[in-house]
Amino acid sequence: MKTLSIIGSTGSIGRNCLHVIEEFPHDFRVAGLAAGRNTALLAEQIEQFRPQVVSLADGAAAEALSQRLQCIPSIRRPRIVTGVDGLTEVATHPEAELVVSAIVGIHGLVPTFAAIDCGKAIALANKEIMVVAGELLTATAKRNQVDILPVDSEHNAIHQCLRAGKRDEVRQVILTASGGPFRSFSPAMMKDVTPAMALNHPTWNMGRRITIDSATMMNKGFEVLEAKWLFDLPVDKISVLIHPQSTVHSMVEYRDGSIIAQMGVTDMRHPIQYALTYPERVASARACLDFRAVQKLEFMQPDLNQFPCLELAYQAARKLGAQPCALNAADEVAVEHFLSGSIQFLFIPEIVRRMLDISQSQSNFSTVPELLQYDRAVRKETRRLIERDYL
Ligand code: MG
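Residues numbered from 1 in each chain as written. Predicted model: local features only at pLDDT ≥ 70, side-chain atom pairs only at ≥ 80, totals over all residues. Heavy atoms only, no water.

In this section: the domain arrangement of the protein. Each domain of the protein was delimited in the assignment, giving domain 1 (2–150), domain 2 (153–304) and domain 3 (321–391). The interface is formed by 18 residues belonging to domain 2 together with 13 residues belonging to domain 3. Approximately 1300 Å² of surface area, both sides summed, lies buried where domain 2 meets domain 3, with 76% of it carried by carbon and sulfur atoms. Counting across the domain 2 and domain 3 interface gives two salt bridges. The interface formed by domain 2 and domain 3 holds three residue pairs in polar contact (both at pLDDT 80 or more) in total. Secondary structure elements with two or more residues in the side of domain 2 that touches domain 3: helix 8 (187–190), helix 9 (195–198), helix 10 (208–216) and helix 11 (218–230). In terms of residue count, helix 10 provides more of the side of domain 2 that touches domain 3 than any other element does, six residues in total. Its residues assigned to classes, the side of domain 2 that touches domain 3 comprises twelve nonpolar, two polar and four charged. (Domains from an automatic or database assignment. Contact = heavy atoms within 4.5 Å. Buried area = accessible area lost by both parts, 1.4 Å probe. Salt bridge = Lys/Arg side-chain N within 4 Å of Asp/Glu carboxyl O. Polar contact = N/O pair within 3.5 Å; in protein donor to acceptor, adjacent residues only side chain to side chain. Helix = DSSP H or I, 4+ residues; strand = E, 2+ residues; numbered from the N terminus. Nonpolar A, V, L, I, M, F, W, Y, C, P; charged D, E, K, R; others polar.)

A separate point is a nonpolar patch on the surface. Taken together, M263, F291, L297 and F299 make up a surface patch of nonpolar side chains, about 350 Å² in accessible area. Tracing the backbone shows F291 in the loop between helix 12 (269–277) and helix 13 (308–319). (Patch = residues over 30% accessible without salt bridge, like charges linked within 9 Å, V, L, I, M, F, W, Y side chains within 5 Å. Areas by Shrake-Rupley, 256 points an atom, 1.4 Å probe, with all protein chains shown as cover.)

Tallied over the full model, the rule gives 23 salt bridges. For E23, the salt bridge is made with R286, and the minimal N-O distance between the two is 2.8 Å. Here the residue E23 occupies a position in helix 1 (residues 12–23), and R286 occupies one in the loop between helix 12 and helix 13, the gap between them amounting to 263 residues. Judged by relative accessible area, R286 falls into the buried class, the value being 11%. For D290, the salt bridge identified is with R292, shortest N-O distance 3.0 Å. (Buried < 20%, exposed > 50% of the residue type's maximum accessible area, 1.4 Å probe, protein only.)

Moving on, we come to the packing of aromatic side chains. Scanning the entire structure with this criterion turns up six aromatic pairs. Relative to F185, the ring of F182 has its centre 4.9 Å away and its plane inclined at 50 degrees; by these criteria the two rings are tilted. With relative accessibility at 1%, the residue F182 sits in the buried group. Owing to a relative accessible area of 18%, F185 belongs among the buried residues under this scheme. Measuring from centroid to centroid gives 5.8 Å for Y274 and Y278, while their planes differ by 50 degrees, and the two rings are tilted. Judged by its relative accessible area of 6%, Y274 is buried. What makes Y278 partly exposed here is its relative accessible area of 23%. Each member of the aromatic cluster is reached from another via a ring pair, and the members are F182, F185, F338 and F345. Sitting above the plane of the W229 ring, K228 keeps its charged end 4.7 Å from the centroid. (Phe/Tyr/Trp six-rings, centres within 6.5 Å; stacked < 30°, edge-to-face > 60°. Lys NZ or Arg CZ within 6 Å of the ring centre and 35° of its normal.)

This is the structure:
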């Protein structure tokens, strides 16, 4: 029996994680859950999984949850906490051995670091924190002898493929990308992309920001950074291939020319289960890939002119310093503006490029507060730039 806490339990990864736990009721127990404001779903999760502590965004959400729980007389009421301290309390619950870090965005930094400092294993679904704080995060995990198990399907695949050889035998890792809905669009067609078109991802069903980041391929750029830190690889050993079927989740090429690929259906419960049960593999009743139904597997080089965000991420991954933090912050602000209909799709890479150009700071962050301060400054500056030149 493994006890875990989930930060981000009402999001897409959090819900899938609880589906996996539901399938293995004798293997897992939930100590804590953290959500934002979705008190209706959190109340259901409390009723089913009986955590000892739950966290919400703020006092108003906590009050709303309290009232909901009063309507369920049979429930064992958990302790209700809020804000960053609340997230941290859930992430560091004494009984939790593994923490699923699935909260979206940079808010996941503080609780994830706190969990690592307490020696908890991490199932990492929040890629932003590896993008902006990868060096600090992996060093802290190493010092505390803590495993960071990737939930992101590509990195989960690489984690599995790396079990086939030694690290110094790796020639390169190949991240696969679906290419998003605009894989075959010309630059002229990209100009008229609307939020509704960009939110319609061909193979994966995910949150709003990551779906837009998949359409620009910034998501794949973030994954290059994520792979660099997770697997301690130089950027030139990480390549990206478009693979529209999303059947091969990623590959590792060894120096003897052997390539190990991890394949499966596009269902996040697979990588989640792998991270939750690692180092064991546990029998699953879910549907697996039927090769007889696979019509074709295509692979192609991404066009960096069509997807400038991927190139920007590679540049940030080579320069490091403050660049990855600026990359993430500027992109998130630009994506918010695109989703609200105030800027065009093609302005996302342009805005990110301009923010990277003015963020030439070579500073390395040695603490989380320093990083968060820089992140806030970049967001503020990006909003100013958008208001001045794009609205
Ligand atoms: Mg991914």
